[in-house]
Amino acid sequence: MSTGAITVASAISSAATATTATAAAVTPTAAESYPIDVWGLVITVVLVAIAAGMSIVVRLGVGRQMLWATLRSLIQLLAMGYVIKFVIEANNPWLVFALVAVMILAAIQITLSRASNIPKGLALDVFLTLLVGALLQFVFATQLIVRPHPWYAPQIVVTMTGMLLGNMVAAIAVAMSRFFDDMASRRYEIEMLLSLGATPFEAAKPSIISSVKLGMIPTISQLASSGIVLIPGMMAGQVIAGADPLTAAKYQFVVLAIISALTLLADSLIMLLVYRKPFTALHQYVQTA
């Protein structure tokens, strides 16, 4: 596999690998030799249904949710696959960033729906946080590290944005939920701190710290366990698609490290944007949820 822009695109997307001239010149990839047909999808859904059925029998309370989430995931992934294929074939920067915009808007809705016990009116704060994260990812990961040709390569911009948004959505939702719950449980402590002259930030700081830490646990755990316990999905997909394992490992590290850094920045930014919500203009604490 060459080390130019085509190799970069190949490392990010197995679908792009199957369509580039370089990939066509080498032996067929695993994805080409062993395609997943309709029966493969059916068997997968049946296995999930069996697990969900067992959950229902023993009344674990997650069977129906798991089955519904699986079917929803199948539909969404197949739909996104067709959309990305269309965008790649069109090779139009306007379509690429239009798709990214749709992804960010969907991420806002998902973030707000996942977060619990949060006040209304946080959509703009979440949007700004996701937008800043996506822009930083585009500048640093895409343009400075990967450097694709063309600069808006859909295989890279769309897939990397999707991975980043997935991590940020989960981290931000957890952080916001924890923050407002923790603030409510510390109400009397906060009121005492305010009465002693503390600023809203000083009173909220313990809740901010604990919220960011909780939101970052999955991201840090994945980063720390990758390579020994876990072969992340991106690296596994590249190897299955025929990419060189060492090249796949390098790109997986870059993606994981950048996503972890930007997720931490996103968690910190959302806290800075929302920590004043429980306070009035006169620095009085009010219950928000």
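Caption draft 1: Quick look at the nonpolar core. Counting residues in hydrophobic clusters, the biggest one holds 56 residues, and the most contacted among them are Leu130, Met176, Phe179, Met271 and Phe279. Ignoring sequence-local partners within four residues, the contact set of phenylalanine 179 consists of Ala204, Ser207, Ile208, Ser211, Met271, Val274, Tyr275 and Pro278.

Caption draft 2: Region of the structure containing a nonpolar patch on the surface. A cluster of nonpolar side chains, Val38, Trp39, Val42, Ile43, Val46, Ile50 and Met54, forms an exposed patch at the surface whose accessible area comes to about 760 Å². Looking at the element boundaries, methionine 54 is found in helix α5 (residues 38-57).

Caption draft 3: Representation of the confidence of the model for the protein chain within the structure. Here the protein chain averages 85 in pLDDT, while 88% of its residues score no lower than 70. Predicted confidence in the protein chain is weakest over helix α3 (residues 21-25), with a mean pLDDT of 37, and strongest over helix α7 (residues 93-114), with 95. The low-confidence segment residues 1-27 (pLDDT under 50) makes 33 contacts with residues lying over four places distant or belonging to another chain.

Caption draft 4: Focus on the packing of α5 against helix α6 (residues 63-90). Between α5 and α6, whose axes approach to 7 Å, the crossing angle comes to 165°. Regarding the angle of α5 to α6, the classification is roughly antiparallel. The hand of the α5/α6 crossing is right-handed. Residues Leu41, Val45, Val48, Ala49, Ala52, Ser55 and Ile56 of α5 touch α6, and the partners they reach there are Gly63, Arg64, Met66, Leu67, Thr70, Leu71 and Leu74. By residue class, the composition of the contact of α5 with α6 is 10 nonpolar, 3 polar and 1 charged.

What counts, and at which threshold
- Residues numbered from 1 in each chain as written.
- Predicted model: local features only at pLDDT ≥ 70, side-chain atom pairs only at ≥ 80, totals over all residues.
- Heavy atoms only, no water.
- Core = buried A, V, L, I, M, F, W, Y, C linked by side-chain atoms within 4.5 Å.
- Buried < 20%, exposed > 50% of the residue type's maximum accessible area, 1.4 Å probe, protein only.
- Contact = heavy atoms within 4.5 Å.
- Patch = residues over 30% accessible without salt bridge, like charges linked within 9 Å, V, L, I, M, F, W, Y side chains within 5 Å.
- Areas by Shrake-Rupley, 256 points an atom, 1.4 Å probe, with all protein chains shown as cover.
- Salt bridge = Lys/Arg side-chain N within 4 Å of Asp/Glu carboxyl O.
- Helix = DSSP H or I, 4+ residues; strand = E, 2+ residues; numbered from the N terminus.
- pLDDT = per-residue confidence, 0-100.
- Axes fitted to C-alpha atoms, helices over the stretch in contact; angles between N-to-C directions.
- Parallel < 35°, antiparallel > 145°, perpendicular 65-115°, else oblique.
- Left-handed = near helix turned anticlockwise from the far one by under 90°.
- Nonpolar A, V, L, I, M, F, W, Y, C, P; charged D, E, K, R; others polar.

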